[in-house]
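What follows is the residue order along each chain.
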Amino acid sequence: MEGHRVLIAPSVLSADFLRLGEELDSIATADAIHYDVMDGHFVPNVSFGLDIAKQVKGASELPLDVHLMVDNPDVAAPTYAQAGADMVTVHVEAARHIHRIVGQVHAAGAKAGAVINPGTPVSALEAILPELDMVLVMSVDPGFGGQSFIPTTLAKLRELKALAARLGCSPRVEVDGGISASNAREVVAAGADVLVAGSSVFKAADRAKAIADIRAQAALADAREA
Ligand code: DX5
Ligand code: ZN
């Protein structure tokens, strides 16, 4: 997940799990695999865990971006980093000791990120922001694919950019929930540089085209930085 262009990270939460290998092949033109871990406590849904993460990592050349929607990320985050995740993100609403988590994820050789829910202010990131490789701004309440983008996310993205500038750091900014070609341009214009897309990619018959369409819209906004 290097470079400055906008990255597209399809969420396998919306894939056909009975054909997971073929589903991963179908998104080979993406930049990362977004892997949503849900424990049925932090969010009202259960998805998949560590063993399937290892299989996904082994079946694709793409970086594995693990989004932990779990009550106890202090235990889970280092475990996923040690299992081969390239990026591990933890919710600030759930983390007990976030500096320790970030240190342990880095020690395992992975990048570390923090996530804020739509109802959590950007200021909740201030104490940890300089240590982070990425911030994930949720644009839906987490738990399910296929929900609608919450428009107030755009103002939070601008606020996050301003906070990072004030603190002298420049983490990647990922946005997750309700992203498609129809809103990618405005989300990137507001400050996103990694776009998670679940249903808009996996519900499309032609995944490469769906990824290319989102990328093209993102590039229209990203041209400002060229
Ligand atoms: C939501 C997950 C998302 C989800 C996105 O809790 O964190 O990654 O899979 O799905 P779409 O793109 O369909 O909103
Ligand atoms: Zn996610």
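Scroll up for the structure.
Here's a quick rundown of the structure. (Residues numbered from 1 in each chain as written. Chains lettered and ligands numbered in written order. Predicted model: local features only at pLDDT ≥ 70, side-chain atom pairs only at ≥ 80, totals over all residues. Heavy atoms only, no water.)

### Some details on the overall build of the protein chain
The following threshold applies: Helix and strand labels come from DSSP, where a helix needs a run of H or I of at least four residues and a strand needs a run of E of at least two; each type is numbered from the N terminus. Throughout this description, buried means an accessible area under 20% of the type-specific maximum (1.4 Å probe, protein chains only), exposed means over 50%, and partly exposed covers the range between. Residues count as neighbours in contact if any of their non-hydrogen atoms are within 4.5 Å of one another. Per-residue accessibility takes into account occlusion by the displayed protein chains alone, with areas from the Shrake-Rupley method and a 1.4 Å probe.
Scanning the protein chain from terminus to terminus reveals eight helices and eight strands. Overall size of the protein chain, expressed as C-alpha extent along the three principal axes, is 45 × 40 × 30 Å. Counting all 226 residues of the protein chain, 54% fall into the buried class. Of the contacts made within the protein chain by residues no fewer than 6 positions apart, 64% connect residues no fewer than 24 positions apart. For the protein chain, the accessible area works out to roughly 9600 Å², and carbon and sulfur atoms hold 52% of it.

### Looking at the nonpolar core
Selection criterion: Buried residues of nine kinds, namely Ala, Val, Leu, Ile, Met, Phe, Trp, Tyr and Cys, make up a nonpolar core once their side-chain atoms join them within 4.5 Å.
Membership of the largest hydrophobic core comes to 72 residues, with the highest contact counts inside it found for Tyr-35, Leu-68, Tyr-80, Leu-129, Val-187 and Leu-195. Counting residues per element, this core draws most heavily on helix H5 (residues 153-167), which supplies five residues. Ignoring sequence-local partners within four residues, the contact set of Leu-129 consists of Val-135, Leu-160, Leu-163, Ala-164, Leu-167, Cys-169 and Pro-171. Counting six residues, the second largest nonpolar core, distinct from the first, contains Leu-7, Ala-9, Met-87 and Val-194.

### Brief notes about the coordination of the zinc ion (ligand 2)
As a reminder, the rule being used: Shown as donors are all N, O and S atoms within 2.8 Å of a metal ion, widened to 3.2 Å for Na, K and Ca; because water is not in the atom set, sites may appear incomplete. The rule is simple: four donors are tetrahedral if all their angles sit between 85 and 135 degrees, four are square planar and six octahedral if opposite donors span more than 155 degrees and the others lie between 65 and 115, and anything that fits none of that is irregular.
Summarising the metal site, the zinc ion (ligand 2) is bound by the protein donors His-34 (NE2), Asp-36 (OD), His-67 (ND1) and Asp-176 (OD), whose distances to it range over 2.0 to 2.3 Å. Taken together, the six donor atoms coordinating the zinc ion (ligand 2) and their angles of 70 to 171° define a geometry best described as octahedral. One chain supplies every donor for the zinc ion (ligand 2), spaced along it as H-x1-D-x30-H-x108-D. One end of the pair, His-67, is in strand S3 (residues 64-69); the other, Asp-176, is in strand S7 (residues 172-176), with 109 residues separating them in the sequence. Judged by its relative accessible area of 0%, His-67 falls in the buried class. The buried category is assigned to Asp-176, whose relative accessible area is 9%.

### Observations regarding the pattern of salt bridges
Operational definition: When a carboxyl oxygen of Asp or Glu is within 4 Å of a side-chain nitrogen of Lys or Arg, the pair counts as a salt bridge.
A complete count under the given rule lists ten salt bridges for this structure. Across the pair Asp-86 and Lys-57 runs a salt bridge, and its minimum N-O distance is 2.7 Å. With a gap of 29 residues between them, Asp-86 in the loop between helix H3 (73-82) and strand S4 (87-91) and Lys-57 in helix H2 (residues 50-59) connect regions that are remote in the sequence. Using a relative accessible area of 29% as the deciding quantity, one classes Asp-86 as partly exposed.

### Observations regarding the packing of aromatic side chains
Applied cut-off: Working definition: a ring pair exists when centres of Phe, Tyr or Trp rings (six-membered ring for Trp) sit within 6.5 Å. Plane angles under 30 degrees give stacked, over 60 give edge-to-face, the rest tilted.
All chains considered together, the criterion is met by two aromatic pairs. With a centroid separation of 5.6 Å and an interplanar angle of 70°, the aromatic rings of Phe-17 and Phe-48 are classed as edge-to-face. Taken as a pair, Phe-17 in the loop between strand S1 (7-10) and helix H1 (20-25) and Phe-48 in the loop between strand S2 (33-38) and H2 lie far apart in primary sequence, 31 residues in all. Consider the rings of Tyr-35 and Phe-48, whose centres lie 4.4 Å apart with planes at 20°: the pair is stacked. Of this pair, Tyr-35 sits in strand S2 while Phe-48 sits in the loop between S2 and H2, and the two are 13 residues apart along the sequence. With respect to class, Tyr-35 is no different from Phe-48; both count as buried.

### Brief notes about the site of ligand 1
Where we set the bar: We call a residue near a molecule or strand as soon as one heavy atom of that residue lies within 4 Å of the molecule or strand. We call two N or O atoms a polar contact when they sit within 3.5 Å, provided that within protein one can donate a hydrogen and the other can accept it, with sequence-adjacent residues counted only if both atoms are side-chain atoms. Only Asp, Glu, Lys and Arg are considered charged, only Ala, Val, Leu, Ile, Met, Phe, Trp, Tyr, Cys and Pro nonpolar, and every remaining residue, Gly among them, polar.
What surrounds ligand 1 is a group of 20 residues, the closest being Asp-36, Gly-143, Asp-176, Gly-198 and Ser-199. Side-chain polar atom of His-34 to an oxygen atom of ligand 1: 3.4 Å apart, as the coordinates give it. Contact between ligand 1 and Asp-36: an oxygen atom at 2.8 Å from a side-chain N or O atom of the residue. Burial of ligand 1 by the protein amounts to 100% of the accessible area it has alone, namely 380 Å². Among the elements of the structure, S2, S3 and strand S8 (194-197) are those that each provide at least two residues to the shell around ligand 1. With three residues, the single largest contributor to the shell around ligand 1 is S2. Split into classes, the residues belonging to the shell around ligand 1 amount to eight nonpolar, ten polar and two charged.

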